[in-house]
Every structure is written in structure tokens, then in C-alpha cells.
Amino acid sequence: MTAPGSTSTEYNTNCTSIRIGTGITAVRNRIKEFNYTNTLVFNNVNVKRLGNSIASGTDTVRFVGTVVDGVSFDRAGSMVFNGNDTYIVTLDNGTVFTFSLR
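Parameters at a glance
Residues numbered from 1 in each chain as written. Predicted model: local features only at pLDDT ≥ 70, side-chain atom pairs only at ≥ 80, totals over all residues. Heavy atoms only, no water. Pairing = 2+ DSSP bridges. Helix = DSSP H or I, 4+ residues; strand = E, 2+ residues; numbered from the N terminus. Axes fitted to C-alpha atoms, helices over the stretch in contact; angles between N-to-C directions. Phe/Tyr/Trp six-rings, centres within 6.5 Å; stacked < 30°, edge-to-face > 60°. Buried < 20%, exposed > 50% of the residue type's maximum accessible area, 1.4 Å probe, protein only. Core = buried A, V, L, I, M, F, W, Y, C linked by side-chain atoms within 4.5 Å. Contact = heavy atoms within 4.5 Å.

Right, let's get into the sheet that holds strand 3 (residues 54-67). If you walk across this open sheet you meet the six strands as 1-2-3-4-5-6, and the pairing is antiparallel. Edge strands, defined here as strands with exactly one partner in the open sheet, are strand 1 (10-27) and strand 6 (96-100). Across the sheet, the axes of successive neighbouring strands diverge by a mean angle of 20°, strand direction being ignored.

Bringing unusual backbone geometry into the picture now. Of note in this structure, asparagine 29 is not a glycine but carries a positive phi near 65°. Topologically, asparagine 29 is positioned in the loop between strand 1 and strand 2 (30-48).

Turning to the packing of aromatic side chains, a few remarks are in order. Applying the stated criterion to the full structure yields six aromatic pairs. Between the aromatic rings of phenylalanine 42 and phenylalanine 81, the centroid separation amounts to 6.3 Å while the plane-to-plane angle is 25°, which identifies the pairing as stacked. Note that phenylalanine 42 is positioned in strand 2 and phenylalanine 81 in strand 4 (residues 72-81), a separation of 39 residues in sequence. Of the residues examined, phenylalanine 42 reaches a relative accessible area of 15% and is grouped as buried. Plain terms: the ring middles of tyrosine 87 and phenylalanine 99 are 5.2 Å apart, the flat faces sit at 25° to each other, and that makes the pair stacked. A residue pair is termed long-range when its members are at least 10 positions apart, and tyrosine 87 in strand 5 (residues 86-91) and phenylalanine 99 in strand 6 qualify at 12 residues. Taken together, the aromatic side chains of Phe42, Phe81, Tyr87, Phe97 and Phe99 make up a single cluster linked through ring pairs.

The next point concerns the nonpolar core. Core analysis: the largest hydrophobic core is formed by 11 residues, namely Leu40, Phe42, Val45, Val47, Ile54, Val61, Met79, Phe81, Tyr87, Val89 and Leu91. Going through the elements one at a time, strand 2, strand 3, strand 4 and strand 5 are the ones with two or more residues in this core. Element by element, the count of residues in this core is highest for strand 2, at four residues. In this structure, valine 47 is in contact with Thr9, Glu10, Tyr11, Asn52, Ser53 and Ile54, ignoring residues within four places of it in sequence.

Next comes the structure, spelled out in C-alpha cells:
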């Protein structure tokens, strides 16, 4: 992270986030419960000092879990912060999602 007292307009950081939890989803009118672990590894993420918005950076993602009926999932991918309050997640199966940070 950029040193305190720096005159830079952005902070630069690297970190890891791990989230463990449960969820419920409905697909084709079927409700399924699942357990999951999400691991996010942030690389060279630049955060603007004013407003604390993410200006740029990349991330590797991994979503691992098990649906209550025994079906498991394990997806890896990448995340790119665009600097316009959006980010793009590309999974290892080629699926691409665009999200808003707001």
C-alpha cells in the first residue's frame, strides 16, 4: 500500500479475501441451497484517495462449493477493474460477466 503522507492521488494494494457461506438459488422454479468458499486475490489494485473508488487493477477468482443435493462446483477466473465503476469477470469456461461497483 502507498505510504501514509504520500502525495499520490491513488493507493496501490495487493490482498486476498476469503468468504465462506451458504446461499439459496432458484433455477427453473427449483430452489437449491449451497455452501461455498470464494477466494479473491487482488493484484496492483489502485484506489483513488478522493472517493475511494477503484481506478484499476486485476484479480484472480475461485468459487468452490457444493449444492445440498451433492453436485459440486469449482470455477476459476479473472477480474479486471475498468476505472469507470465497473469490473469484468471472465470464468475459466469462457463466461463473461460485467458488474457495477455501485
